[in-house]
Amino acid sequence: MGEQMRKFISTIAGALMMIALSAPLATIAKSAEFFTIGTGGPTGVYFQTGNAICKMMHKFAISADHGRKKGTNKAYRCTAPSTGGSNYNIGQIKEGEFQFGVAQSDWQFHAVNGSSKWEGKKFGNLRAVFSVHNEPFQIWARKKAKVKDFKGLKGKTVNIGNPGSGQRGTMEELMKAMGVDNSYFKGVTELTSSEQVKALCDGKIDAFGYSVGFPNGAMEQAATCGAKALPINLTGGPVQGLIDGADYYAAATIPAGTYTGQKKDVTTFGVKATVVTSADVPEELVYLVTKAVFENFDAFKAQHPAFGPLEKKNMISDGLSAPLHPGAIKYYKEAGLM
Ligand code: GLU
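Predicted, not measured: the structure shown is a model, and the values here were computed from it. (Residues numbered from 1 in each chain as written. Predicted model: local features only at pLDDT ≥ 70, side-chain atom pairs only at ≥ 80, totals over all residues. Heavy atoms only, no water.)

A.B. asks: An account of the environment of Ala-256 is requested, with residue identities and associated values reported.
C.D. replies: Here Ala-256 shows up in the loop between strand E9 (250-254) and strand E10 (266-278). Ala-256 sits ten residues away from Val-266 along the chain, and the two C-alpha atoms are 7.1 Å apart. The contacts of Ala-256, once residues within four sequence positions are left out, are Gln-262, Lys-263, Lys-264 and Asp-265. (Helix = DSSP H or I, 4+ residues; strand = E, 2+ residues; numbered from the N terminus. Contact = heavy atoms within 4.5 Å.)

Next up, the structure:
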């Protein structure tokens, strides 16, 4: 073999060696760091909210090479599974199982202050990121049950929601305010939000209480089978007391025409859906998630009709009682929102 050939072979061998050595590096560059956002039942708005956030995060990661873990080549990747709802999500964040969750403003307040269902289990490290849509508390009753208001639920079969859902917790707070317990009803069920509409339409339950954004496909299904959302009397009544005593509740209206056959505004009380995290979640990740949503705001809002009324300046304060996470503050300051 001539000198030329020997040189050529050693160059090729060197190049092959380089490729072999760089292959594992390329694999690392493509690997991902997963984080989880807890949502709610698959037919609710929380599920859409969590997945909309993930979508923005991934969109941003591709378009702006945003969403990489600092000092590594790892891309952040987000999953938003369906869950039992608000209190379940907050509990999973507390356990370090989820990094984010969607939760009602009332349960954010109770968890960080150790009140109501969170008495003795205070989660002082709970942090707010931003709030999202309004969730009027709705009592839906089937036509044949002939119920006109909360009092009319006496002796009926009522779904109070699965344990862990915000819906269940808020229904119990409403029952307390109205001075009733489960014995007021003929029976109670603990169906999830995605089971309750079919049960109502099939006549297995007479009514359910649910805090959810509107318009909502599952509620439209209930309206289509003849069910209606009942007004909850506020003026001077016990529910007015609930609202007056707490910043996390507000009067709420589902405008006439939102659902099939809905001729009048439905007045009730409501909460805000909020996105929460833990003080233990790194600043960088919370910053990136916040930025992904706020810098792709129109695309985010287009993910669900309940997001239509969202405004950035309200989202950084409305319904938030836990301290804002430093990662969120960093973005709000940078964007001139604070
Ligand atoms: N507010 C409900 C809850 O916390 C969930 C509503 C939804 O899934 O959109 O249980």
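A.B. asks: Residues and numbers for the site of the ligand, please.
C.D. replies: If you check the shell around the ligand, you find 13 residues, and the closest are Val-45, Tyr-46, Ser-86, Gln-104 and Ser-211. Relative to its unbound accessible area of 300 Å², the ligand is 98% covered by the protein chains. Listing elements by their share of the shell around the ligand, those giving two or more residues are helix H2 (45-64), helix H5 (166-177) and strand E7 (207-211). Split into classes, the residues belonging to the shell around the ligand amount to four nonpolar, eight polar and one charged. (Near = heavy atom within 4 Å. Areas by Shrake-Rupley, 256 points an atom, 1.4 Å probe, with all protein chains shown as cover. Nonpolar A, V, L, I, M, F, W, Y, C, P; charged D, E, K, R; others polar.)

A.B. asks: Describe in detail the state of the cysteines, supporting the description with residues and values.
C.D. replies: The tally for this structure, following the rule as stated, stands at two disulfides. Note on cysteine connectivity: Cys-54 is disulfide-linked to Cys-78, with sulfurs 2.0 Å apart. In this structure the cystine formed by Cys-54 and Cys-78 twists about its S-S bond by roughly -65°; its chirality is therefore left-handed. Residue Cys-54 is found in helix H2, and its partner Cys-78 is found in strand E2 (residues 75-79); the two are separated by 24 residues along the sequence. The two residues Cys-54 and Cys-78 agree in class, both being buried. The side chain of Cys-201 participates in a disulfide bridge whose partner is Cys-225; the two sulfur atoms lie 2.1 Å from each other. As the torsion about the S-S bond is roughly -85°, the Cys-201-Cys-225 disulfide counts as left-handed. Within this pair, whereas Cys-201 is found in helix H6 (residues 193-201), its partner Cys-225 is found in the loop between helix H7 (217-224) and strand E8 (228-230), the two being separated by 24 residues in sequence. (Disulfide = S-S within 2.5 Å. Buried < 20%, exposed > 50% of the residue type's maximum accessible area, 1.4 Å probe, protein only.)

A.B. asks: Describe the environment of Tyr-259, with residues and values.
C.D. replies: If you trace the backbone, Tyr-259 turns up in the loop between E9 and E10. The exposure class of Tyr-259 is buried, given its relative accessible area of 5%. Residues Tyr-259 and Glu-220 lie 39 residues apart in sequence; the distance between their C-alpha atoms is 5.7 Å. Apart from the residues lying within four places of it in its own chain, the contact partners of Tyr-259 are Trp-140, Gly-213, Phe-214, Pro-215, Asn-216, Met-219, Glu-220, Ala-223 and Ile-254.

A.B. asks: Mind laying out the packing of aromatic side chains, listing which residues take part and the relevant values?
C.D. replies: By convention here, two paired aromatic rings are described through the distance between centres and the angle between planes. Scanning all chains against the criterion turns up 17 aromatic pairs. Summarising the aromatic geometry, the rings of Tyr-184 and Phe-185 are spaced 5.8 Å apart at their centres and angled 80° between planes, so their arrangement reads as edge-to-face. One cation-aromatic arrangement involves Lys-121 over Trp-118; the distance from NZ or CZ to the ring centre is 5.3 Å. For the cation-ring pair, Lys-330 lies above Tyr-287, with the distance from its terminal atom to the ring centre recorded as 4.3 Å. (Phe/Tyr/Trp six-rings, centres within 6.5 Å; stacked < 30°, edge-to-face > 60°. Lys NZ or Arg CZ within 6 Å of the ring centre and 35° of its normal.)

A.B. asks: Describe in detail the packing of helix H9 (residues 283-294) against helix H12 (residues 326-334), supporting the description with residues and values.
C.D. replies: One can describe the packing of H9 onto H12 by two numbers: an axis separation of 7 Å at closest approach and a directional angle of 45°. As the angle between them shows, H9 and H12 are arranged oblique. The interaxial crossing formed by H9 with H12 has right-handed handedness. Listed contacts from H12 to Glu-283, Val-286, Tyr-287, Thr-290, Lys-291 and Phe-294 of H9 are Pro-326, Gly-327, Ala-328, Lys-330, Tyr-331, Tyr-332 and Glu-334. When grouped by side-chain class, the residues that make up the contact of H9 with H12 number seven nonpolar, two polar and four charged. (Axes fitted to C-alpha atoms, helices over the stretch in contact; angles between N-to-C directions. Parallel < 35°, antiparallel > 145°, perpendicular 65-115°, else oblique. Left-handed = near helix turned anticlockwise from the far one by under 90°.)

A.B. asks: Any chance you could break down the side chain of Thr-36 for me, citing the residues and the numbers?
C.D. replies: Here Thr-36 lies in strand E1 (residues 32-38). Of the polar contacts made by the side chain of Thr-36, one reaches the side chain of Thr-79; its length is 3.4 Å. In contact with Thr-36, not counting residues within four places along its chain, are Thr-79, Pro-81, Phe-98, Gln-99 and Phe-100. (Polar contact = N/O pair within 3.5 Å; in protein donor to acceptor, adjacent residues only side chain to side chain.)

A.B. asks: Lay out the nonpolar core with the relevant residues and their values.
C.D. replies: Side chains of a nonpolar character, in soluble globular proteins, are inclined to be buried together. In terms of nonpolar packing, the biggest core is built from 71 residues, with Phe-100, Phe-130 and Trp-140 touching the most fellow members. Of all hydrophobic cores here, the second largest spans 27 residues; its members include Leu-153, Met-175, Tyr-184 and Ile-232. (Core = buried A, V, L, I, M, F, W, Y, C linked by side-chain atoms within 4.5 Å.)

A.B. asks: Would you mind going over the pairing of strand E3 (residues 100-104) in detail, with residue names and values included?
C.D. replies: Here E3 lies mainly inside the structure; five of its five residues are buried. Here two bridges tie E1 to E3, and the two strands are oriented parallel to one another. Paired with Ile-37 across the strands is Phe-100, a residue of E3. The pairing of E3 with E10 spans five bridges and is classified as antiparallel. (Pairing = 2+ DSSP bridges.)

A.B. asks: An account of the confidence of the model for the chain is needed here, citing residue identities and associated values.
C.D. replies: Looking at the chain as a whole, its pLDDT mean stands at 91, while 89% of the residues score no less than 70. With pLDDT under 50 throughout, residues 14-29 is counted as low confidence; its partners more than four residues away or in other chains account for three contacts. (pLDDT = per-residue confidence, 0-100.)

A.B. asks: I'd like to hear about unusual backbone geometry, residue by residue, with values.
C.D. replies: Note the cis peptide between Phe-214 and Pro-215, where omega equals -5°. By the secondary structure assignment, Pro-215 is in the loop between E7 and H7. Of note in the backbone geometry, Ser-116 takes a positive phi value of approximately 50° without being a glycine. Along the chain, the position of Ser-116 falls in the loop between helix H4 (105-113) and strand E4 (126-141). In this structure, Lys-146 takes a positive phi of about 50° despite not being glycine. Among the secondary structure elements, Lys-146 is positioned in the loop between E4 and strand E5 (157-159).

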